[in-house]
Amino acid sequence: MTIGLFGFQTTIASPVTLKGIGVHSGAPVSLTFQPAEAGTGVIFTRLLDDGSSVEYRAVSSQVGNTDLCTVLGTSLSRSVATIEHVMAALYALGVDNVMVEVDSGEMPIMDGSSFPFIEAIEQVGIVDLGIKRRYIRVLKPVRIDSGASWSEFRPYDGTRFEVEIDFASPLIGRQSWKGDLTPETFKQELSRARTFGFMRDVERLWAAGYALGSSLENSVVISDDDSIVNVEGLRYKDEFVRHKTLDAVGDLALAGAQFIGCYRSYRGGHKMNANALKALMSDPTAYEVVEAPSSRAARVRAREFVPVNVPELASWFA
């Protein structure tokens, strides 16, 4: 099967701001998306209390902690955490170039999904910059294993995710989501899936300084008797695996370019996603850099993309 891919870089049409709290810090957060020129990529700018700022390019080499979320930077006082829901929205909508300004150390959790970020981006619109977009096309399988968990990239004529989870909780159990990623598929099937957690873990997380902003308004909470605490219940009957897929989309967006291939995982998470991406990018024989052919069509088939002579991807990982 082939799917259409955008051949040209994009940005947003005008700035847009969202306000919320950090799910781990509990602190108020203001986030502003700013348009950016072609070739900029996604840049996170954290505004510090002393009036200075620190910038991180949203690429694999900048990733620090991946225990409970994906973090850019290694210093707690200067890092930017919980970027995966924002990155998933940008990646799925095909926004290549944007400045993400935030006045705290964490993205606002909003309702625990990517949907508020989708809404904000679509509110201002997306602009075609007329410069060709480059993709990373997977050429051969690359797999990593960690105990019973595994993740792998495989060649595919499009962009596809196949994610499976397996929890001891009878409420969740074994769930899987498989599908080709398009803006429409992401919006309809993945974007509204919320982060989730267990009541039995709350005190431990609080003691460690995490989940201080978590609530029933931004998380699906599972009680000790394996029932949903949220009055409204689930948004999808398999919301848990859909959220894990949403996270994978956001984590793999840190390739620094969109990819053409299939990503599969079993019992994965942020750390597995990050390590699988590093394994792919550390093997120059496992991928090639491609771009759209000369046609000015808005979308072209993945098989029609042509290799380009790029000596290295160091600039994408700087």
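Residues numbered from 1 in each chain as written. Predicted model: local features only at pLDDT ≥ 70, side-chain atom pairs only at ≥ 80, totals over all residues. Heavy atoms only, no water.

### Concerning unusual backbone geometry
- The phi dihedral of Thr 82 is positive, around 55°, even though this residue is not glycine.
- By the secondary structure assignment, Thr 82 is in the loop between strand E6 (53-57) and helix H1 (84-93).
- Even without being glycine, Asp 226 reaches a positive phi, approximately 60°.
- Looking at the element boundaries, Asp 226 is found in the loop between strand E15 (220-222) and helix H5 (239-252).
- Residue classification places Asp 226 among the partly exposed residues on the basis of a relative accessible area of 23%. (Helix = DSSP H or I, 4+ residues; strand = E, 2+ residues; numbered from the N terminus. Buried < 20%, exposed > 50% of the residue type's maximum accessible area, 1.4 Å probe, protein only.)

### Topic: the confidence of the model for the chain
- With 94% of its residues at a pLDDT of at least 70, the chain reaches an overall mean of 92.
- Overall, residues 314-318 carries pLDDT values under 50, and its contacts beyond four positions in sequence, including any with other chains, amount to 18 contacts. (pLDDT = per-residue confidence, 0-100. Contact = heavy atoms within 4.5 Å.)

### Brief notes about the packing of H1 against helix H3 (residues 183-190)
- It is the contact of H1 with H3, at a shortest axis distance of 8 Å, that shows an interaxial angle of 140°. Classified by the interaxial angle, the pair formed by H1 and H3 is oblique. Each of Ala 88, Ala 89, Ala 92 and Leu 93 in H1 lies in contact with H3, whose residues at this interface are Pro 183, Phe 186 and Lys 187. (Axes fitted to C-alpha atoms, helices over the stretch in contact; angles between N-to-C directions. Parallel < 35°, antiparallel > 145°, perpendicular 65-115°, else oblique.)

### Details of the pattern of salt bridges
- Going through the model one piece at a time under the given rule, you end up with 21 salt bridges.
- Between Lys 271 and Asp 67 there is a salt bridge whose closest N-O contact spans 3.6 Å. Here Lys 271 is found in helix H6 (residues 270-281), whereas its partner Asp 67 is found in the loop between E6 and H1, with 204 residues between them in sequence.
- Of the charged contacts, one joins Asp 111 and Arg 235 as a salt bridge, the two residues approaching to 2.9 Å between their closest N and O atoms. Within this pair, whereas Asp 111 is found in the loop between strand E7 (98-102) and helix H2 (115-124), its partner Arg 235 is found in the loop between E15 and H5, the two being separated by 124 residues in sequence. (Salt bridge = Lys/Arg side-chain N within 4 Å of Asp/Glu carboxyl O.)

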